[in-house]
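# A closer look at the structure
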Amino acid sequence: MPVSKAQQKSVNKYIKNNYDSLRIVVPKGQKATVKAAADEAGESINQYTQGALLARMGLSEWPQDGPAEE
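All chains use their own residue numbering, which begins from 1 and follows the written sequence. Thresholds applied to this predicted model are a pLDDT of at least 70 for local features of residues and 80 or more for the giving and counting of side-chain atom pairs; totals over whole chains, interfaces and linings are not thresholded and use all residues. Side-chain calculation: all heavy atoms of the structure are included, whereas hydrogens and water are not.

Attention now goes to the overall build of the chain. A run of H or I in DSSP becomes a helix once it reaches four residues, and a run of E becomes a strand once it reaches two; helices and strands are each numbered from the N terminus. The secondary structure content of the chain amounts to 3 helices and 0 strands. Beginning at the N terminus, the succession of helices and strands in the chain can be written as α-α-α. For 70 residues, the compact-globule formula gives about 11 Å, and the C-alpha radius of gyration of the chain, at 16 Å, lies well above that figure. By principal-axis analysis of the C-alpha atoms, the chain measures approximately 35 × 35 × 25 Å. Burial status across the chain gives 4% buried among its 70 residues. Accessible area of the chain: about 7,000 Å², with a carbon and sulfur share of 54%. Side chains of the chain give 9 positive and 8 negative charges; the mean places of these two sets differ by 15 Å. Atoms considered for the radius of gyration are the C-alpha atoms alone. The globule rule reads 2.2 Å times the number of residues to the power 0.38. Note on classification: 1.4 Å probe, protein chains only; a residue is buried when its accessible area is under 20% of the maximum for its type, exposed when over 50%, partly exposed between these limits. Per-residue accessibility takes into account occlusion by the displayed protein chains alone, with areas from the Shrake-Rupley method and a 1.4 Å probe. Residues scored as charged are limited to Lys and Arg (positive) and Asp and Glu (negative), so that His and the chain ends carry no count. Here the site of a charge means NZ on Lys, CZ on Arg, CG on Asp, or CD on Glu.

Moving on to the environment of Ser44. With respect to the helices, strands and loops of the structure, Ser44 is situated in the loop between helix H2 (31-40) and helix H3 (45-56). Residue Ser44 is classed as partly exposed on the basis of its relative accessible area of 33%. As for Ser44 and Val34, which are separated by 10 residues in sequence, their C-alpha atoms are 9.9 Å apart.

As a further point, take the confidence of the model for the chain. When the pLDDT values of the chain are averaged, the result is 92; 93% of them are 70 or greater. Considering each helix and strand of the chain separately, the mean pLDDT is smallest for helix H1 (residues 5-18), with a value of 95, and largest for H2, with 97. For every residue, the predictor reports its confidence as pLDDT, a number between 0 and 100.

To continue, consider the packing of aromatic side chains. Only rings of Phe, Tyr and Trp enter the pairing, Trp through its six-membered ring, and a pair is recorded when the two centres are within 6.5 Å. The plane angle decides the type: under 30 degrees is stacked, over 60 is edge-to-face, the rest tilted. Summed over the entire model, instances satisfying the criterion amount to 1 aromatic pair. Relative to Tyr19, the ring of Tyr14 has its centre 6.3 Å away and its plane inclined at 65 degrees; by these criteria the two rings are edge-to-face. For Tyr19, a relative accessible area of 51% translates into the label exposed.

Here's what the structure looks like:
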């Protein structure tokens, strides 16, 4: 069943109010490499990259209140 414009607007508003967006750029052709690694781990690309970020920061989960944005 298609999503109505009102439903999509509601979802977009929720995402805007509850998430920050980051754009990750990789060399041409490497998106498939990242996707394959995420698939192998049984995760989406988003889950996989979030896990990598957390590991690199020495965290096991996202802090409830992050540092203030600049």
